[in-house]
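# Inside the fold
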Amino acid sequence: MTGTERYAWLSLIAWICIMLFLLMRFTTGFEVFGNSIGLTIVEQSAGQLLGIYLGITIAAIVAESVIAGTTAAFGALKGVQEDERDVMISRRASLASYWFVALSLNLIVFHVLASSAYGSALVDGLDFASNTGIAFAILFVLVGAEIVNRAALVWNYRRP
Amino acid sequence: MTPKKGQVSNRIRELRTHRGWSQGELADAVGATRQTINAIEQEKYAPSLELAFRIARTFGMGFEEVWQFR
């Protein structure tokens, strides 16, 4: 396993944890390990939204720094850690996350426009018109793009 | 592995084992990772021209003695 692949695995786990935290704080529906996750957005105060945003940002910076530092230190003991194949796989992963962002934003725009055209949310409870809805949509796309990127890295390294 | 038509095949595994080199030793010699050498040997990854030439040169052979296009 190259340093880049090791980083991709650890980073994927970290971003999935961040996504779970995001879903637990913003949504409700059904119980998972004592926390509620679902398709209904839970309204939050401006202070709570800021707290969640800062929490996610700090968690992401700390997690990425620790993972990148650890894999770099571990890799420094060995030979070549990254070559042209790693760069090619990294480009493919970036393309995958770009398409995720493009698709997600299009779905959100369609949902907002169609919901306002029909007078009610297409998916009950999934309302992006409030501050909470906007914050959730943006954070979901950002965190989701990172997960797609890392998953694409892992898949490209492991595919038969 | 029998290469499909239009695929680049190579004799790296044969040449490497003949010389008694490990994948890691060849990787270090050409500036690639061991995983990339493994992927090239299994024909899952077609390297750049530069890396392909470097591998052929490391074996002390001509390009077409190492690489074939079918």
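Scroll up a little and you will see the structure.
An account of the accompanying structure is given in this report. Note that the structure is predicted; figures quoted are calculated from it, not measured. (Residues numbered from 1 in each chain as written. Chains lettered and ligands numbered in written order. Predicted model: local features only at pLDDT ≥ 70, side-chain atom pairs only at ≥ 80, totals over all residues.)

### A few points about unusual backbone geometry
Of note, Glu43 of chain B is a non-glycine position whose phi angle comes to about 60°, a positive value. Inspection of the secondary structure puts Glu43 of chain B in the loop between helix H3 (34-41) and helix H4 (49-58). (Helix = DSSP H or I, 4+ residues; strand = E, 2+ residues; numbered from the N terminus.)

### Some details on the nonpolar core
For soluble globular proteins, the rule of thumb is that nonpolar side chains tend to be buried together. Formed by 21 residues in total, the largest nonpolar core has its most connected members in Trp15, Ile18, Leu22, Phe136, Leu139, Val143 and Leu153 of chain A. Residue assignment for this core shows that the elements contributing at least two residues are helix H1 (3-26), helix H3 (84-118) and helix H4 (131-158) of chain A. Element by element, the count of residues in this core is highest for H4 of chain A, at ten residues. The contacts of Leu139 of chain A, once residues within four sequence positions are left out, are Leu22 and Ile56 of chain A. In this structure, Leu26, Ile37, Ile40 and Ala56 of chain B belong to the second largest nonpolar core, which totals ten residues. (Core = buried A, V, L, I, M, F, W, Y, C linked by C-beta atoms within 7 Å. Buried ≥ 20, exposed ≤ 12 C-beta atoms within 10 Å, placed from the backbone. Contact = placed C-beta atoms within 7 Å.)

### Quick word on the interface of chain A and chain B
Where the parts come together, the accessible area they lose is often given as the size of the interface. Taken together, the contacts link seven residues of chain A with 13 residues of chain B. Broken down by class, the residue content of the side of chain A that touches chain B amounts to one nonpolar, three polar and three charged. (Nonpolar A, V, L, I, M, F, W, Y, C, P; charged D, E, K, R; others polar.)

### Side note on the packing of helix H2 (residues 23-30) of chain B against H3 of chain B
All names here are of chain B. Where H2 contacts H3, the two axes come as close as 8 Å, and the packing angle between them is 105°. Considered as vectors, H2 and H3 are oriented roughly perpendicular to each other. Here H2 contributes Gln23, Gly24, Leu26 and Ala27 to the contact with H3, which in turn contributes Arg34, Thr36, Ile37 and Asn38. Along the lines of polarity and charge, the residues of the contact of H2 with H3 split into three nonpolar, four polar and one charged. (Axes fitted to C-alpha atoms, helices over the stretch in contact; angles between N-to-C directions. Parallel < 35°, antiparallel > 145°, perpendicular 65-115°, else oblique.)

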